[in-house]
Amino acid sequence: MTPAPCDLGNSKDSLKNSIINHLRFTLGAYVESASKNDWWVATCLAIRDRVMDHATKSRTLHRQSGVRRVHYLSLEYLMGRLLENNLRNSGLYESTKAALGEMGKDLDALLDCEPDMGLGNGGLGRLAACFMDSLSTVNLPAIGYGIHYEFGLFRQEFVNGKQVEHPDAWMRDGSPWKIARPSYRQTVQLYGRVVQKFDDCGHPRSEWVETKALLGLPWDIPIVGYDSHTVNVLRLWQAQADEDFNFQVFNEGSYVEALRDKAIAETVSKVLYPNDSTESGKELRLVQQYFFVACSLADIVRRFKVGYTLPWSEFPSKAAIQLNDTHPAVAIPELMRILVDLEGLPWNEAWKICQETFAYTNHTLLPEALEMWSVSLFERVLPRHLQIIYQINQLFLEGDVEAKWPGDSEKKRSLSLIEERGGKYVRMANLSVLGSHATNGVAALHTRLLCERLFADFYALYPDRFLNLTNGITFRRWLDVCNPQLSALITETIGESWKKNADLLRNLDPHADDPAFRARYAKIKRDHKVVLAKIIEDECGVTVSPDALFDVQIKRLHEYKRQHLNLLNIVTLYREILDNPNADFHPRVFIFGAKAAPGYFLAKNIIHAINAVAAKVNNDPRVGDKLKVVFLPNYRVSLAEKIIPASDLSEQISTAGKEASGTGNMKLALNGSLTIGTLDGANVEIEEEVGSENIFIFGLTVEEVTELRAKGYNPWDYYWANEKLRNTIDWISSDYFTGNAEEFQPLRRSLLDHGDPYLCLADYQSYVDAQAKVDATYKDQDKWVKMAILNTARVGKFSSDRTILQYAEKVWNLPQVPIGE
Ligand code: 26Y
């Protein structure tokens, strides 16, 4: 007899039953005495039960229909919390809230129990998370692959204004969302050496021998789309020691010694590297990259082999693989190794399969962020892969490059996969372009610069391989979840189809002229500011007024993002308030959130400087409420969800040509925060969408930056020519803020003696002027609110659904496969 299926209905009563059952049978807790955390886990599990059926159904249908699937390879996924997102996307929020309410529990309070899943550094990792949401929402067959880091991005604390890092043990207590899949465990080889052998037909074959083995255990996290039954999975690999590790030693009784290898093996997935620009050739990082790539490719190949009896030439018609930057680029030689060494395919056939399978997204133009591995390290860790890269390179330089530019050794040097100046390095970006059929930038300006500058020679050789796919964000998390009040107002005003078709937000446009609508929109903003003010009070001990202008800069701390330009303006305003106490200046709260890479000295000096200025300004009775400066510690996804709806002004002030796209700019604009920004990254397209009258653009353009540098930029010229600027810099580097004039000399030296590499001084006056315009505009609240509404109404383009559908059409050639009830 088939047992009766358990009740997985979506009604309040079904949910109530499920939650109680999980409390009793999964957690062994009494309803009367269960802890808050128990209630949170039981609620997650009740939702997970409802999701898993759809995950199984999606997987089965994708397999049976034999459609192509995309495999997204990323070292980072910045998922944040999952419960509320899953509830809202699956339409279970209200019934779950009611079910818990009947049992005397407040759902919103439980949501706070969830630790952020912070398996990423910043933009690139959060983009991967938004893409996973959109892939499920628009019914695309997809699998995300990554690393199951035991420790995510560090937790940040300030001690005397300075950043201190602590480990982030996000899954110390396990996670209700992840499911182990031991039957899909993989074995990965590392180190060793290569020997030449001959196969049965006498063909030479390379064999990789005397390697060290590592196991990869996959953990699956279901990804729930909005109003869709597609549930894709995010599969994260955890490193484990090979079963029979050091058995010899073990048998000899050195029990503890034998366990050492196990500990070493497990370090591979231990911690996320906290850098997002340079990683100076760390062996463990290369091992991490190869470990997860090898596990993922083996998993993809396994699926191809069990699902079909097709020739290898059909592999690309079943599997598309997207490389999220160069971090997983070792997948290219790995697939070559599988095809040539293990499957015996001729080189040219294998290479064609590779190029048809892979596509590469570039996320940066910064030279220091372009990954290069020293040949000697690469050879030690992955000897066979280095041989393969050499062979790819030789065929490329002697083939296509020689044909296009005969005898041109300069072109060969620029296009080579190997950098030869100052030691030999493997250029992962060149490998990625060459091994893929498509390379894309993440905003129109960024793609143009890729084609004109970074990859100019590749572009001349293969113009059809390059395309732009402007980034996007999921409007579910970044509006529906983080700002349900605004989401509800929009739905009441224009219907709810905007959640799946963001362009419909344009229907809000005319409502900007409706005073009643404006009043409701403004009240929602103010309510969020009250909530944020409370958080600021709790976290920073600073009282701020919700009627002040909330000016927000939230992103990683980087010189190119120019938090220090923001600081120059703040100190200028401080001076002005002291000099001219009666000036008509609207009160402002400057809000920062940013983590600095632990080894990035100047970034940490900037954090310290902002905190030191904040301490003075906030406690200066002459300033009163006019100016407050707060640096919220431990910026992360769940904090962003509280800051963004409460923001009035969005700081997007990178040096033109440096920020590939930015995605925080999109989240803030969507929530009605006006942008003050340079013509950089996606700001350019935001201006096009919202109209230049609804954004504050300032500063040098990319062309002007190039011109200024060509004629020789000297920050001292600006310093001597601008008294306000001079006073500001001198004041910051005096002993006024900390009692020690040495403290911020590194910052001063970088701005003056070291040439101000990001042109803060060149853009200073233009920025200060734009800020004055912001102040004047904010005083006209009707006008400001209108502008804010028009931002919400006009940023539909930046939905990641649009981005993902463009990838599906232009890069992956993927069908949408709706899953039935
Ligand atoms: C090589 C390693 C140290 C490294 C690790 C992480 C290098 C870079 C990164 C992360 C880069 C990143 O987050 N880039 C950002 O990607 C976003 C999504 O495309 C862009 O919006 C943003 O402009 C870009 O800085």
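Residues numbered from 1 in each chain as written. Predicted model: local features only at pLDDT ≥ 70, side-chain atom pairs only at ≥ 80, totals over all residues. Heavy atoms only, no water.

## A look at the overall build of the protein
Line of reasoning, step 1. Secondary structure assignment for the protein yields 33 helices and 25 strands.
Line of reasoning, step 2. Radius of gyration (C-alpha) of the protein: 27 Å, near the 28 Å computed for a compact globule of 821 residues.
Line of reasoning, step 3. Along the first, second and third principal axes, the C-alpha set of the protein runs to 90 × 75 × 60 Å.
Line of reasoning, step 4. Counting across all 821 residues of the protein, residues that qualify as buried make up 60%.
Line of reasoning, step 5. The contacts of the protein with a sequence gap of at least 6 include a subset with a gap of at least 24, amounting to 77%. (Helix = DSSP H or I, 4+ residues; strand = E, 2+ residues; numbered from the N terminus. Rg over C-alpha atoms; globule rule 2.2 N^0.38 Å. Buried < 20%, exposed > 50% of the residue type's maximum accessible area, 1.4 Å probe, protein only. Contact = heavy atoms within 4.5 Å.)

## Some words on helix α12 (residues 347–357)
Line of reasoning, step 1. Within α12 the residues assigned to the buried category are Trp347, Ala350, Trp351, Ile353, Cys354, Gln355 and Thr357.
Line of reasoning, step 2. Its buried side turned inward, α12 meets α10 (315–318), β13 (319–324), α11 (331–342), β14 (358–361), α14 (383–404) and α16 (428–434).

## Describing the sheet that holds strand β20 (residues 549–554)
Line of reasoning, step 1. Strand order in the open sheet formed by six strands is β22-β21-β20-β23-β24-β25, with parallel pairing between adjacent strands. What marks the edges here is a single partner per strand, and that holds for β22 (627–631) and β25 (696–697).
Line of reasoning, step 2. When β20 meets strand β21 (residues 588–593), the two strands line up parallel, connected through six bridges. Along β21, the bridge assignment pairs Leu549 with Arg588.
Line of reasoning, step 3. In the packing of helix α22 (residues 563–579) onto the sheet, contacts are made with β20, β21, β22 and β23 (649–652), and the angle to β21 comes to roughly 155°. (Pairing = 2+ DSSP bridges. Axes fitted to C-alpha atoms, helices over the stretch in contact; angles between N-to-C directions.)

## Quick word on the packing of helix α9 (residues 283–307) against α11
Line of reasoning, step 1. The contact between α9 and α11 brings their axes to 10 Å, and the two run at 45°. As summarised for this structure, α9 and α11 are arranged oblique, according to the angle between their axes. Two packed elements cross with a definite hand, and for α9 against α11 that hand is right-handed. Counted together, Tyr290, Val293, Ala294, Leu297 and Val301 of α9 and Ala331, Glu334, Leu335, Arg337 and Ile338 of α11 form the full contact between these two elements.
Line of reasoning, step 2. Tallied by class, the residues present in the contact of α9 with α11 amount to eight nonpolar, no polar and two charged. (Parallel < 35°, antiparallel > 145°, perpendicular 65-115°, else oblique. Left-handed = near helix turned anticlockwise from the far one by under 90°. Nonpolar A, V, L, I, M, F, W, Y, C, P; charged D, E, K, R; others polar.)

## Some words on the sheet that holds strand β16 (residues 418–419)
Line of reasoning, step 1. Strands sit in the order β15-β17-β16 across an open sheet of three strands; the sheet is antiparallel. Because the sheet does not close on itself, it has two edges, and the strands there are β15 (372–374) and β16.

## What about the pairing of strand β12 (residues 231–241)?
Line of reasoning, step 1. Of all eleven residues that make up β12, ten are buried, and the element is covered over most of its length.
Line of reasoning, step 2. As judged from the five bridges shared by strand β4 (residues 142–147) and β12, these two strands associate in the parallel manner. When the sheet's bridge partners are listed, Ile143 is paired in β12 with Val233.
Line of reasoning, step 3. Strand direction decides the pairing type here: strand β11 (residues 212–224) and β12, joined by eleven bridges, are antiparallel. Bridging across to β12, Leu214 finds its partner in Ala241.
Line of reasoning, step 4. Here β11 hands over to β12 after six residues, with Asp227 in that stretch at a positive phi of 50°.

## Focus on the nonpolar core
Line of reasoning, step 1. One finds Phe378 and Trp812 to be the most contacted residues of the largest nonpolar core, which totals 270 residues.
Line of reasoning, step 2. Ranked by residue count, the leading element in this core is α9, at twelve residues.
Line of reasoning, step 3. Discounting chain neighbours no more than four positions away, the residues touching Trp812 are Arg68, Val70, Leu135, Ala320, Gln322, Ile804 and Tyr807. (Core = buried A, V, L, I, M, F, W, Y, C linked by side-chain atoms within 4.5 Å.)

## Examining unusual backbone geometry
Line of reasoning, step 1. Backbone geometry places Asn160, a non-glycine residue, at a positive phi of 50°.
Line of reasoning, step 2. Of note, Asn160 is situated in the loop between β5 (155–159) and β6 (162–166).
Line of reasoning, step 3. Judged by its relative accessible area of 71%, Asn160 falls in the exposed class.
Line of reasoning, step 4. You will see that Glu210, though not glycine, has its phi angle at about 55°, which is positive.

## Points about helix α6 (residues 123–137)
Line of reasoning, step 1. Relative to the 21 Å expected for 15 residues at 1.5 Å per residue, α6 spans 21 Å between its end C-alpha atoms, a close match to the ideal helical length.
Line of reasoning, step 2. Taking burial as the measure, the 15 residues of α6 include 14 buried ones, the bulk of the element.
Line of reasoning, step 3. Residue Asn139 follows α6 closely and has a positive phi angle near 60°. (Expected span 1.5 Å × (residues − 1).)

## Digging into the confidence of the model for the protein
Do not read the fine detail of predicted coordinates wherever pLDDT is low.
Line of reasoning, step 1. Across the protein, the average pLDDT comes to 96, with 98% of residues at 70 or higher.
Line of reasoning, step 2. Reported confidences for the modelled complex are a pTM of 0.98 and an ipTM of 0.99. (pLDDT = per-residue confidence, 0-100.)

## Points about the domain arrangement of the protein
Line of reasoning, step 1. Domain annotation of the protein identifies domain 1 (8–65 + 88–114), domain 2 (66–81 + 116–471 + 806–811) and domain 3 (525–794).
Line of reasoning, step 2. One C-alpha centre belongs to domain 1, the other to domain 3; they are set 42 Å apart. (Domains from an automatic or database assignment.)

## Observations concerning the pattern of salt bridges
Line of reasoning, step 1. Under the criterion given, the structure shown has 56 salt bridges.
Line of reasoning, step 2. Residue Glu279 is joined to Lys282 by a salt bridge in which the shortest nitrogen-to-oxygen separation is 3.8 Å.
Line of reasoning, step 3. Glu279 sits in the buried class, given a relative accessible area of 18%.
Line of reasoning, step 4. Looking at Lys282, the relative accessible area reads 37%, which means it is partly exposed.
Line of reasoning, step 5. The closest approach of N and O atoms between Lys411 and Asp457, which form a salt bridge, is 3.0 Å. Remark: Asp457 occurs in helix α18 (residues 456–461) and Lys411 occurs in helix α15 (residues 409–415); sequence separation between them is 46 residues.
Line of reasoning, step 6. Salt bridges sharing common partners tie together Arg181, Asp220, Arg235, Asp299, Arg302 and Arg303. (Salt bridge = Lys/Arg side-chain N within 4 Å of Asp/Glu carboxyl O.)

## A few points about the pairing of β6
Line of reasoning, step 1. Sheet topology places β5 next to β6; five bridges connect them, and they run antiparallel. If you follow Arg155 over to β6, its bridge partner there is His166.
Line of reasoning, step 2. Between the antiparallel neighbours β5 and β6 lie two residues, among them Asn160 with a positive phi of about 50°.

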